[in-house]
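Understanding the architecture of this molecule
The lines below spell out each chain.
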Amino acid sequence: MKIRTLIATVGIALITVMGGAQANDPAKLNDLQIAHVAYTADNIDIRYAHLALALSTNPKIHEFARTMIRDHEAVNTQALALLKKLKAAPQDNFLSKQLTANSLKLIDKMSKLRGNAFDKFYASNELAYHKAVNGLVANAFIPNIENAEVKALFKTGLKIFKAHEKHAEMMVKGLK
Amino acid sequence: MRPFQMQRREVVGWAAAAIAAAILPFTIPVFAETNRKPVTHIVDITDFVFVPKSLEVRPGDRITWVNKDIVPHTATADDKSWDTGALKPNERKTITVTKKLLGGYFCRFHPSMKAKIATQK
Ligand SMILES: [Cu+2]
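Before going into details, it helps to say that this report is about the structure given with it.

Conventions we followed
Residues numbered from 1 in each chain as written. Chains lettered and ligands numbered in written order. Predicted model: local features only at pLDDT ≥ 70, side-chain atom pairs only at ≥ 80, totals over all residues. Heavy atoms only, no water. Helix = DSSP H or I, 4+ residues; strand = E, 2+ residues; numbered from the N terminus. Buried < 20%, exposed > 50% of the residue type's maximum accessible area, 1.4 Å probe, protein only. Areas by Shrake-Rupley, 256 points an atom, 1.4 Å probe, with all protein chains shown as cover. Pairing = 2+ DSSP bridges. Axes fitted to C-alpha atoms, helices over the stretch in contact; angles between N-to-C directions. Contact = heavy atoms within 4.5 Å.

1. Digging into the overall build of chain B
Of the regular secondary structure elements, chain B holds 1 helix and 8 strands. In chain B, the succession of α and β elements from N to C terminus is α-β-β-β-β-β-β-β-β. Among the 121 residues that make up chain B, the fraction classed as buried is 32%. As displayed, chain B has an accessible area near 7,700 Å², and 62% of this comes from carbon and sulfur atoms.

This is the structure in structure tokens:
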């Protein structure tokens with residue numbers, strides 16, 4: 001029950017942002033702001049993964065967490081290399097701030113859980129998080145990115161994160 | 001008598017040719033298949049898919065997995081009896097086909113990635 005409420009929180013936070021106000025519309029972010037959101041989202045998932053490695057004893061959770069660190073770091077490396085090539089710096093924005101604020105709350109809650117309670121929370125949150133971010137990338141970012149190379153990297157990223165979403169789904173099922 | 005003998009020889013000749021023609025198309029390819037030189041099959045790992053997903057091989061062949069993605073992958077037997085180990089972007093690993101390679105395999109890092117290896121007929 002608690003888990004569901006929290007997942008709803010993550011989900012709703014993103015949906016509100018996506019559906020609502022013109023001022024805070026992810027579809028209106030520029031390429032450098034979008035890059036900042038993606039970099040932030042990657043780092044949040046890496047932080048969740050480190051928490052999982054520290055608190056979980058389940059080998060499947062560890063395997064997933066290590067994959068999250070490996071893949072999100074790889075994407076970040078590519079993103080930074082591309083920004084360097086384009087001589088551009090990512091720009092902080094409302095969505096990056098919102099994602100970070102949400103993640104801090106979740107990390108606070110997760111770090112108090114142990115055993116199966118932690119595993120279930122982590123797995124469900126990974127599924128919800130990847131779903132939410134993938135929706136954002138597919139519907140708000142990719143159609144609006146102007147730079148062709150940045151767009152290509154986001155398309156590659158989306159394929160990776162969709163595999164993560166499937167993996168998270170398997171992990172959630174395996175914990176029931 | 002002579003013309004008859006000639007005829008016989010001709011008949012025999014034709015018969016042999018006919019038999020050879022009938023048998024050769026079957027025997028030669030089978031012979032060539034079983035004794036063909038081992039070949040190397042390439043499996044590309046691209047966009048989180050093993051390509052081809054289903055591969056037909058013969059013992060002694062080699063399989064080379066090439067990682068064309070920006071993240072590491074593995075090719076690992078479903079029963080874990082063999083494993084390429086982590087393949088970094090642009091890395092490749094070749095394994096010679098033995099019986100134990102036949103069957104399903106997956107990526108240890110991304111278990112939704114699945115493929116299989118079967119015997120070529
Ligand atoms: Cu993989």
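Let's pick the thread back up.
2. Observations regarding unusual backbone geometry
Here the amide bond leading from Val51(B) into Pro52(B) is cis, since omega sits at 5 degrees, within 30 degrees of zero. When you line up the elements, Pro52(B) lands in the loop between strand 2 (49-51) and strand 3 (54-57). A positive phi angle, near 55 degrees, is found at Lys87(A), a position not held by glycine. Looking at Lys87(A), the relative accessible area reads 78%, which means it is exposed. We note that Phe48(B) has phi near 65 degrees; this positive angle belongs to a residue other than glycine. Its location among the elements puts Phe48(B) in the loop between strand 1 (40-46) and strand 2.

3. Quick word on the sheet that holds strand 1 of chain B
Residue and element names in this part refer to chain B. Read across the sheet, 4 strands follow the order 2-1-4-6 without closing on themselves; strand pairing throughout is mixed. Each edge of the open sheet carries a strand with a single partner, namely strand 2 and strand 6 (92-96). The sheet shows a mean angle of 20 degrees between the axes of neighbouring strands, direction not considered. Bridge analysis of strand 1 against strand 4 (residues 62-67) gives 6 bridges, and the strand direction is parallel. Across the sheet, Ile 42 pairs through a bridge with Thr 64, a residue of strand 4.

4. Some words on the environment of His130(A)
Residue and element names in this part refer to chain A. Tracing the chain through its elements places His 130 in helix 5 (residues 115-141). Once the C-alpha coordinates of His 130 and Ala 163 are considered, the two residues, 33 residues apart in sequence, prove to be 9.5 Å apart. Every residue in contact with His 130, bar those within four places of it in the chain, is listed here: Asp 45, Phe 64, Met 68, His 72, Phe 161, His 164 and Glu 165.

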